[in-house]
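Residue-level structure breakdown
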Amino acid sequence: MQRKIKSYVLRAGRVSNRQRQGLDHWFKNYELSVGGTPWNLAEEFHRIADTVVEIGFGMGASLLTMAQNNPELNYIGIEVHQAGVGSLAADLHKYQLSNVRIVAHDAVEVFRTQLLDNSLAGVQIFFPDPWHKKRHHKRRLIQKEFIQLLAKKIKPGGFIHCATDWQDYAEHMLDVLSTETTLQNTRKEGGYSPRPLSRPLTKFEQRGERLGHGVWDLIFTKLDENS
Ligand SMILES: C[S@@+](CC[C@H](N)C(=O)[O-])C[C@H]1O[C@@H](n2cnc3c(N)ncnc32)[C@H](O)[C@@H]1O
C-alpha cells in the first residue's frame, strides 16, 4: 500500500516558549524514532505491558489524562505538528510520566514499518482532520486500507476507538469499520457508542456541546480468528 496523499498539511505554526522547551529539552526523553525495523516495545518502555497508540494527539490533552489514569498501560502518541509534540513532551516532564512515548512522524508510515502484527492493545483516533470538502476526502486518515493495517497490528480482543464531531465523517468511519471483517462493533445493535468515561471530554468538545453540536464515538474490537 503506497499512500502518497498525506492526511495533514505541515504549516510553520507558532511554537510557544513552553512548547519550544519541550522540543529542545524533554522530547528526547520520550522520543521513539522511526528507522525501518519494528520497535521492541518491552525494551522501549522497560517493561511488558499492554500498549495503546493514539494517532494525531494534537496538544496531547486526552493522551496525558489517559496515561495518568492508566499507569498500567503503555501509550505511544503519534503527531506531526511540532507545537503538539513540544506541548506533550513538556507535560510528560512536568508530571514525570514514564508510560508514554512520542513519535513525531506520519502515522501511516509508522504503522507500516514500526509495529509488529498482533502487538497492540488498542488504537485511538480522536477528532481526526475532517477534510470537509468532497474533493479532499481522499486525505482523510480513516480509509479502508489504513483500517486494515491498524486491525493487523492490534491483538485479538484489542480495540479501535474513533471519535469525530463531523457527521459525514462519522458515517464514513462507520462504513469503513463495519466492512472490515476482522473487526466487530462493541455496540451490539450497531452504530455509534456513547462516549466512554475513559475518553476525556476535550475543551473543544465542551464548547461544541454548549453549541449543540454532535459527537460520534465508534468502538470496534478485533475478532479472535480461532474462536
Ligand atoms: C483536528 S486535530 C485533533 C487533535 C486531537 N486529537 C484533539 O482531539 O484535539 C488532528 C491532528 O491529527 C494530526 N495528524 C493528521 N494526520 C496525521 C498523520 N498521518 N500522522 C500523525 N498525525 C496526524 C494533525 O497534525 C492534528 O494535530
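Note that the structure is predicted; figures quoted are calculated from it, not measured.

**Describing the UniProt feature "binding site: substrate" (unreviewed entry) in the protein chain**
With numbering aligned to this structure, UniProt lists the feature "binding site: substrate" (unreviewed entry) at Lys133, Asp165, Thr202, Lys203, Phe204 and Glu205. Over a stretch of 73 residues, the named residues are scattered through the fold, their C-alpha atoms separated by up to 25.0 Å. In this structure, Lys203 sits in helix α8 (residues 203-210). With a relative accessible area of 4%, Glu205 lands in the buried category.

**Quick word on the site of the ligand**
Neighbouring the ligand are 15 residues, the closest being Ser7, Gly56, Glu79, His81 and Phe126. The contact in question runs from an oxygen atom of the ligand to an N or O atom on the side chain of Glu79, over 2.5 Å. A distance of 2.9 Å separates a nitrogen atom of the ligand from a polar side-chain atom of Asp106. Protein coverage of the free-state accessible area of the ligand, which is 600 Å², stands at 83%.

**Digging into the side chain of Ser193**
Here Ser193 is to be found in the loop between β6 (183-185) and α8. Judged by relative accessible area, which is 12%, Ser193 ranks as buried.

**Re unusual backbone geometry**
Backbone geometry at Gln96 places phi at a positive 55°, although glycine is not the residue there. Along the polypeptide, Gln96 turns up in the loop between α4 (82-95) and β3 (100-103).

**Observations concerning the environment of Val100**
Position of Val100 relative to the elements: it lies in strand β3. You can call Val100 buried: its relative accessible area is 1%. Expressed as a C-alpha distance, the spacing of Val100 and Arg112, which sit 12 residues apart in the sequence, is 21 Å. Ignoring any residue separated from it by four or fewer positions in sequence, one finds Val100 in contact with Tyr30, Phe45, Leu63, Ala67, Tyr75, Leu88 and Leu92.

**A short note on the packing of aromatic side chains**
Under the counting rule described, the total for this entry stands at two aromatic pairs. Between the aromatic rings of Phe111 and Phe146, the centroid separation amounts to 6.0 Å while the plane-to-plane angle is 85°, which identifies the pairing as edge-to-face. Of the two residues, Phe111 is situated in helix α5 (residues 107-113) and Phe146 in helix α6 (residues 144-153); the sequence distance between them amounts to 35 residues. With respect to burial, Phe111 and Phe146 carry one shared label: buried. Aromatic pair Phe127 and Phe204: ring centres 5.5 Å apart, planes at 90°, arrangement edge-to-face. Residue Phe127 is found in the loop between β4 (120-126) and α6, and its partner Phe204 is found in helix α8; the two are separated by 77 residues along the sequence. Judged by its relative accessible area of 45%, Phe204 is partly exposed.

Each value, and the rule that gives it
- Residues numbered from 1 in each chain as written.
- Predicted model: local features only at pLDDT ≥ 70, side-chain atom pairs only at ≥ 80, totals over all residues.
- Heavy atoms only, no water.
- UniProt positions renumbered as here; feature names shortened; annotations may be inferred.
- Helix = DSSP H or I, 4+ residues; strand = E, 2+ residues; numbered from the N terminus.
- Buried < 20%, exposed > 50% of the residue type's maximum accessible area, 1.4 Å probe, protein only.
- Near = heavy atom within 4 Å.
- Polar contact = N/O pair within 3.5 Å; in protein donor to acceptor, adjacent residues only side chain to side chain.
- Areas by Shrake-Rupley, 256 points an atom, 1.4 Å probe, with all protein chains shown as cover.
- Contact = heavy atoms within 4.5 Å.
- Phe/Tyr/Trp six-rings, centres within 6.5 Å; stacked < 30°, edge-to-face > 60°.

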